[in-house]
Number of protein chains: 2
Amino acid sequence: ADLEAAKAKAVVCAACHGADGISVAAIYPNLKGQKEAYLLSSLKAYKAGERKGGMSMLMTPQAMALSDADMVNMAAYYSSLK
Amino acid sequence: ADLEAAKAKAVVCAACHGADGISVAAIYPNLKGQKEAYLLSSLKAYKAGERKGGMSMLMTPQAMALSDADMVNMAAYYSSLK
């Protein structure tokens, strides 16, 4: 995975998920150190419109803006944060 | 929230999410220290059938077995794990 590319793209995600992967508000999940396969599975579910409720109306468009490669990179990036 | 009640109930959750909230496999999310409001929002989304895809077919029945009070307790319990 391209962690540098992910780090650059993560500037957008940081607005809710925090620059270090600890979210800025309790309704947004922390991503720091989360399991990589779970992160990828969640991004794909949002992109496929398989997640409704909660903050999905906020997260779905974000995931739809990501390519498959982006999602792989982002999952690797956030799971790599210690 | 009743953390003792949650701890007892968490024996079921531990099978995938780990006794300490660090999941046993990469496809299951870590829950340790996750944001409380996010955990509750996720449980409610699973219980309402608003999450499809990923491992939702496994998690939805688990959430459906929880009462509203259980969900509040579980969210408080896992977010309290350090």
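To start, this report covers the structure provided alongside it. (Residues numbered from 1 in each chain as written. Chains lettered and ligands numbered in written order. Predicted model: local features only at pLDDT ≥ 70, side-chain atom pairs only at ≥ 80, totals over all residues. Heavy atoms only, no water.)

## Side note on the pattern of salt bridges
Residues and elements named next belong to chain A.
Then, in step 1: Inspection of every chain in the model, using the stated rule, returns 2 salt bridges over all chains.
Then, in step 2: Between K9 and D70 there is a salt bridge, and its shortest N-O distance comes to 3.8 Å. Of this pair, K9 sits in helix α1 (residues 3-17) while D70 sits in helix α4 (residues 68-80); the two residues are 61 residues apart in sequence, bridging distant segments of the chain.
Then, in step 3: Given a relative accessible area of 16%, D70 falls into the buried group. (Salt bridge = Lys/Arg side-chain N within 4 Å of Asp/Glu carboxyl O. Helix = DSSP H or I, 4+ residues; strand = E, 2+ residues; numbered from the N terminus. Buried < 20%, exposed > 50% of the residue type's maximum accessible area, 1.4 Å probe, protein only.)

## Digging into the packing of aromatic side chains
Then, in step 1: Using the criterion set out here, one finds 2 aromatic pairs over all chains in the structure.
Then, in step 2: Judged by centre distance (5.1 Å) and plane angle (70°), the ring pair of Y77 of chain A and Y78 of chain A falls under edge-to-face. (Phe/Tyr/Trp six-rings, centres within 6.5 Å; stacked < 30°, edge-to-face > 60°.)

## What about the environment of L3 of chain B?
All names here are of chain B.
Then, in step 1: Along the chain, L3 turns up in helix α1 (residues 3-17).
Then, in step 2: For L3, a relative accessible area of 35% gives the class partly exposed.
Then, in step 3: Taking the C-alpha atoms as reference points, L3 and Y77, 74 residues apart in sequence, are found 5.4 Å from one another.

## Here we look at the relation of the copies chain B and chain A
Then, in step 1: Superposing chain B onto chain A takes a rotation of 180° combined with a translation of 0.0 Å along the rotation axis, leaving an RMSD of 0.0 Å. These values place the two chain copies in the arrangement generated by a two-fold rotation axis. Taking C-alpha positions as reference, the residue of chain B nearest the rotation axis is R51 of chain B, located at 2.2 Å.
Then, in step 2: In this assembly the copies share their binding face: 100% of the residues contributing to the interface of chain B also contribute to that of chain A. (Least-squares fit on C-alpha atoms with pLDDT ≥ 70 in both. Contact = heavy atoms within 4.5 Å.)

## Thoughts on the packing of helix α2 (residues 36-47) of chain B against helix α3 (residues 56-64) of chain B
All names here are of chain B.
Then, in step 1: Orientation of α2 relative to α3, taken along the N-to-C sense of each, is 100°, at an axis distance of 8 Å. When the interaxial angle is binned, α2 and α3 end up roughly perpendicular. Together, L43, Y46 and K47 of α2 and S56, M59, T60, A63 and M64 of α3 make up the contact between the two elements.
Then, in step 2: For the contact of α2 with α3, the residue count by class is 5 nonpolar, 2 polar and 1 charged. (Axes fitted to C-alpha atoms, helices over the stretch in contact; angles between N-to-C directions. Parallel < 35°, antiparallel > 145°, perpendicular 65-115°, else oblique. Nonpolar A, V, L, I, M, F, W, Y, C, P; charged D, E, K, R; others polar.)

## Here we look at the environment of Y46 of chain B
Then, in step 1: By secondary structure assignment, the location of Y46 of chain B is in helix α2.
Then, in step 2: Classification of Y46 of chain B by relative accessible area gives buried; the value is 10%.
Then, in step 3: With 15 residues separating them in the primary sequence, Y46 of chain B and P61 of chain B have C-alpha atoms 8.2 Å apart.
Then, in step 4: Setting aside chain neighbours within four positions, we find Y46 of chain B in contact with R51 of chain A together with R51, S56, M59, T60, A63 and M64 of chain B.

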